[in-house]
Each structure stands twice: as structure tokens, then as C-alpha cells.
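Survey of secondary and tertiary structure
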Amino acid sequence: MIDAVASGVRPAVRAMQPYEWEISSDALAAELGLPPSEILRFDTNTSPYPPAVPSDLLATALGAINEYPDATYAPLVRAITAYTGLAAESIVVGAGADELLDMLVKVFLEPGDTAVSTSPTYTMYGVATATMGGRLVAVRDRADFGLDPDALVAAAREAKLVWLCHPNNPTGHARPVEEIAALASAVPCPVVVDEAYYEFHGTTAATLIAGRPNVVVVRTLSKAFALAGARVGYALAAPEMVGWLNRVRPPNSVGSLSIALAAAALQDAAGMRQRVATILAHREELAASLRDLGLHVFPSAANFVLVRVPEARAVAQRLLRQGIVVRDVSSRPGVEGCLRFTARTPEHNARLRAALAAALR
Ligand code: PMP
């Protein structure tokens, strides 16, 4: 019998490397013989504080769960408008920021096309680009993690998409908005500005959209709004761009419960800002306590810190044996020998520090 599956797999999919997570809490708990609740995750840059959910919210959403959500996600779009000040024509909703990255490659990349990113950065840009058979050209940031605008513009001469992360994951470095503006004016293609960590820093490229139809800002409710499990993200762009993205957008990928949770979270922006301020204070305490261990901690504009750790890979493995999962980026160009830690509660951060002190010995 002919091979009815593998022989039909698109060459791009055959060649691509999928996204890699650290080990799951369930799998690690099973390995260590612990309950999953004992595992502490410092690798996903989520919030340690679940949002307050109004008690009638889920009951109302569940009452209509037999029906599809409104494919325009109208209640959520209204909440995004209130939060961002941008009109519905400038908003696209997706199942997490990752689904918006996917819509962008579907609209703009053909096999063999070039996309440009900085390096090191969020690895999903490479995954999304590769899914379409695109070629990712990664331009190294300068040693201080700042952009190299000349190299980016040169690399993007023939590009169909530029990926920028602001603040950048995994370095925590924020991009000056004027630099993003200059880049968007100098390249011949859309510039995606991934602002997954926007709320932790507060500067945005969304102000550029009015004058630059090629700028797309992508955001998520997974980080500052503490809704990673709900899977909600959105893009902000000029109406023409929004129209193209909506063509390829799955009509109902965000469920009714997630829409209700996301709209409520956006309406409580004041609560979010309070939790963000708390997390930023904890991030500074964590950074100071790691410096006390003699480690080099890079400045951060997000809810995580990048830290240079001797024998980083071995240390990450030793932390796993203590039930602590960190993001090992030590083999990535530009952040060799580094680990990335999410700032969590003071108690969790203290456990990380103690485990790290033991693992360093
Ligand atoms: N962009 C960046 C820079 C991220 O770090 C992440 C999450 N790790 C995402 C996008 C994906 O976010 P979401 O949960 O909304 O898909």
C-alpha cells in the first residue's frame, strides 16, 4: 500500500522544527512523585495571580454555550476599544497572540519568501515562518540587546514580513518606539510588533498605526491580564490590514467563556495595573536576590529576568529535580549561558532563589 500520509506532507512541514516547551507540570510531577501543584513554573511568563472573575459571568456564558460565539466577538472588541482607544476596524481577535502570528504568515508568506526577525527573540516567529515554507533571516541584536537598524533594513530589502518583539523575549529589552517607526518607514513590508509584554513597560507602537499602514501590533491577555488558559490575543492595525487578517481568521477559534473572561478582564484595567505594579516590585526583589548570589541579571522591561548562570544547562536540570521549571535559553545565539525566570510571588521567588543557591554549589 502506498504511504497515504507521510508522502503527502508538505515539504515545509517536513522541514520545520516545531515549537519546544519545557517539560509539563504533570510530566515532571509524575517523574518526581509529587502532586502537580508542587511544581513551580518560572518558564512561561504568566501571572501568579489569577484574575477576579465576577460570579455571574461564567454562569451567563455557560447558559449560551450550546450556541456559537458571535464571530465578530463584539463584546470583546468593545472592551478592546475601551482599553486601547482604537475603533473596531483596527482590531482583530485571535486564540492567543500565537494565532495572530499564524494569520499573518497565511496572509503574507509564500514558500521561499523571506521574513526577518531580530535575534535572539520569540521562537514562534521562526516556527510560523517555516510553516509556510518561508525563510527566516535572524539579525543579531547589538551586544546591549538594542536593535541593529541598518542590518535589519538591509536584511529586509526583499522581505515579506518583519518580526519585532517589544519588549523582547527572552532579553527583556524594550525597543524605542522611534526606532520601530524608522524601521517601519524603511522596509517594504509589514512590520509585526509583538507587544505580549506591553503592560509591564507601557510604551507601544500602536501610536504608529494611524500613519503607517504596514505596522501590526500583536498583544495577548496571557501575561498581564493573567488569562493564559483562556487563549485570547488581538492585533491592532490600520483597517486595510485588519481586513486581510480577517479573511484568514478562523471565525470561532475563541470560545464564549474566553470571550466573557477577556472582556471582563479588560474592563478591570485598574486591577490589572495594580497586579502589574506588584509583579514589577517582585521582579526587582528577585533580580536583587539573584545578584546577591553573584549572578549577572540583565535589566528587564517585562515580567521576567534573563540571568547569566554558570553551567546554565546543568543548573536548569538540577532545578527540575527540585520541582522548578525555568526557561533554558543557554544554547541560543546571543544569550549563551543564560536562563530566563518569570517573576512570581515573593514566596515562589524565594523558593527559586534557594533552589538556585543549592544548584550552584
Ligand atoms: N509573543 C511572545 C513574545 C510571547 O512570549 C508569547 C508567550 N510565550 C506569545 C507571543 C504567545 O502568547 P499567547 O499566549 O497569547 O499565544
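In every chain, residue numbers begin from 1 and rise along the written sequence. Selection of residues for local features in this predicted model requires a pLDDT of at least 70, selection of side-chain atom pairs for listing and counting requires 80 or more, and totals for whole chains, interfaces and linings are taken over all residues. The basis for the side-chain values is all heavy atoms of the structure; hydrogens and waters are excluded.

1. Things to note about the overall build of the protein chain
Across its full length, the protein chain holds 13 helices and 12 strands. All radius of gyration figures rest on C-alpha atoms, and the globule criterion is 2.2 Å times the number of residues raised to 0.38. Whereas a compact globule of 361 residues would reach a radius of gyration of roughly 21 Å, the protein chain reaches 21 Å, a difference of no more than 12%. In terms of principal-axis extent, the alpha carbons of the protein chain reach across some 60 × 55 × 55 Å. For each residue, the accessible area found with a 1.4 Å probe, counting protein chains only, is set against the maximum for its type, and the residue is called buried under 20%, exposed over 50%, and partly exposed in between. By residue count, 53% of the 361 residues in the protein chain fall in the buried class. Helix and strand labels come from DSSP, where a helix needs a run of H or I of at least four residues and a strand needs a run of E of at least two; each type is numbered from the N terminus.

2. As for the pattern of salt bridges
A side-chain nitrogen of Lys or Arg and a carboxyl oxygen of Asp or Glu constitute a salt bridge if their distance falls within 4 Å. A full pass over the atoms with the stated rule returns 9 salt bridges. Ionic pairing is found between Arg41 and Asp43, a salt bridge with its closest N-O pair at 2.8 Å. As far as the burial class goes, Arg41 and Asp43 line up, both buried. Here Asp144 ties to Arg142 by a salt bridge, and the two come within 3.1 Å at their closest N and O atoms. Residue classification places Asp144 among the partly exposed positions, given a relative accessible area of 45%.

3. Topic: helix H5 (residues 97-108)
Expected helix span is taken as 1.5 Å per residue step, with the number of steps being one fewer than the number of residues. The first and last C-alpha atoms of H5 sit 17 Å apart over 12 residues, in line with the 16 Å expected at 1.5 Å per residue. Those residues of H5 lying buried are Ala97, Glu99, Leu100, Leu101, Met103, Leu104 and Val105.

4. Digging into the domain arrangement of the protein chain
How big an interface is tends to be stated in terms of the accessible area lost upon association of its parts. Where a domain begins and ends is set by an automatic assignment or by a domain database. On domain assignment, one finds that the protein chain holds domain 1 (2-50 + 270-360) and domain 2 (67-268). The gap between the C-alpha centroids of domain 1 and domain 2 is 23 Å. Contacts between the two partners involve 34 residues from domain 1 and, on the opposite side, 32 residues from domain 2. Accessible-area loss on putting two parts together, using a 1.4 Å probe and summing over both, is the definition of buried area adopted here. Both faces combined, the contact of domain 1 with domain 2 buries some 2500 Å², and carbon together with sulfur accounts for 62% of it. Counting the surface domain 1 buries against domain 2, the share from its top three residues, Tyr19, Met272 and Ala301, is 23%. Linking domain 1 with domain 2 are 0 salt bridges, by the criterion used here. N or O atoms closer than or at 3.5 Å make up a polar contact, with two conditions inside protein: a donor-capable atom paired with an acceptor-capable one, and, for residues adjacent in sequence, both atoms drawn from side chains. Our count for the domain 1 to domain 2 interface comes out at 9 residue pairs in polar contact (both at pLDDT 80 or more). Looking at the side of domain 1 that touches domain 2, the elements with two or more residues in it are helix H11 (269-292) and strand S10 (304-308). Residues count as neighbours in contact if any of their non-hydrogen atoms are within 4.5 Å of one another.

5. A closer look at the site of the ligand
In this text, near means that some heavy atom of the residue lies within 4 Å of the molecule or strand in question. Taken together, 13 residues lie around the ligand, and Ala97, Asp194, Tyr197, Thr220 and Ser222 are the ones closest in. Note that a nitrogen atom of the ligand is positioned 3.1 Å from one of the side-chain N or O atoms of Lys223. When isolated, the ligand has an accessible area of 400 Å², and the protein chains bury 93% of it. For the area figures, the Shrake-Rupley method with a 1.4 Å probe applies, and any residue is considered shielded solely by the protein chains shown.

6. Thoughts on the packing of aromatic side chains
Two rings from Phe, Tyr or Trp (for Trp, the six-membered ring) form a pair when their centres sit within 6.5 Å of each other. Planes less than 30 degrees apart are called stacked, planes more than 60 degrees apart edge-to-face, and all others tilted. Per the stated rule, a full pass over the model turns up 7 aromatic pairs. Seen from their ring centres, Tyr122 and Tyr125 are 5.5 Å apart, and the 85° between their planes marks the pair as edge-to-face. Side by side, Tyr122 and Tyr125 carry an identical accessibility label, which is buried. A centroid spacing of 5.1 Å and a plane angle of 10° characterise the contact between Tyr125 and Trp163, whose relative ring orientation is stacked. Note that Tyr125 is positioned in helix H6 (residues 124-131) and Trp163 in strand S5 (residues 161-165), a separation of 38 residues in sequence. For the residue pair Tyr125 and Trp163, the accessibility class agrees, reading buried in each case. Put simply, the rings of Tyr19, Trp21, Tyr122, Tyr125 and Trp163 touch in pairs and so form one group of aromatic residues.

7. Considering unusual backbone geometry
The omega angle of the peptide bond from His166 to Pro167 is -10°, so this bond is cis rather than trans. Relative to the helices and strands, Pro167 is located in the loop between S5 and helix H8 (177-186). A cis amide bond links Asn169 to the next residue, Pro170, at an omega of 15°. With respect to the helices, strands and loops of the structure, Pro170 is situated in the loop between S5 and H8. The backbone of Glu311 shows a phi angle near 50°, a positive value even though the residue is not glycine. Summarising the element assignment, Glu311 is placed in the loop between S10 and helix H12 (312-321).

8. Overview of the nonpolar core
Counting 63 residues, the largest nonpolar core has Leu76 and Leu221 as its most contacted members. Looking at which element gives the most residues to this core, the answer is helix H10 (residues 256-267), with 8 residues. For this core, the two domains that each supply at least three residues are domain 1 (2-50 + 270-360) and domain 2 (67-268). Among the nonpolar cores identified, the runner-up in size contains 28 residues, and Val92, Leu109, Met132 and Cys165 belong to it. To form a nonpolar core, buried Ala, Val, Leu, Ile, Met, Phe, Trp, Tyr and Cys residues must be joined to one another through side-chain atoms within 4.5 Å.

9. Details of the pairing of strand S4 (residues 135-140)
Note: strand S3 (residues 114-119) against S4, 6 bridges, orientation parallel. Bridging across to S4, Val116 finds its partner in Val137. A pair of strands counts as paired when DSSP detects no fewer than two bridges linking them.

10. Things to note about the environment of Ala354
Structurally, Ala354 can be placed in helix H13 (residues 346-360). Residue classification places Ala354 among the partly exposed residues on the basis of a relative accessible area of 48%.

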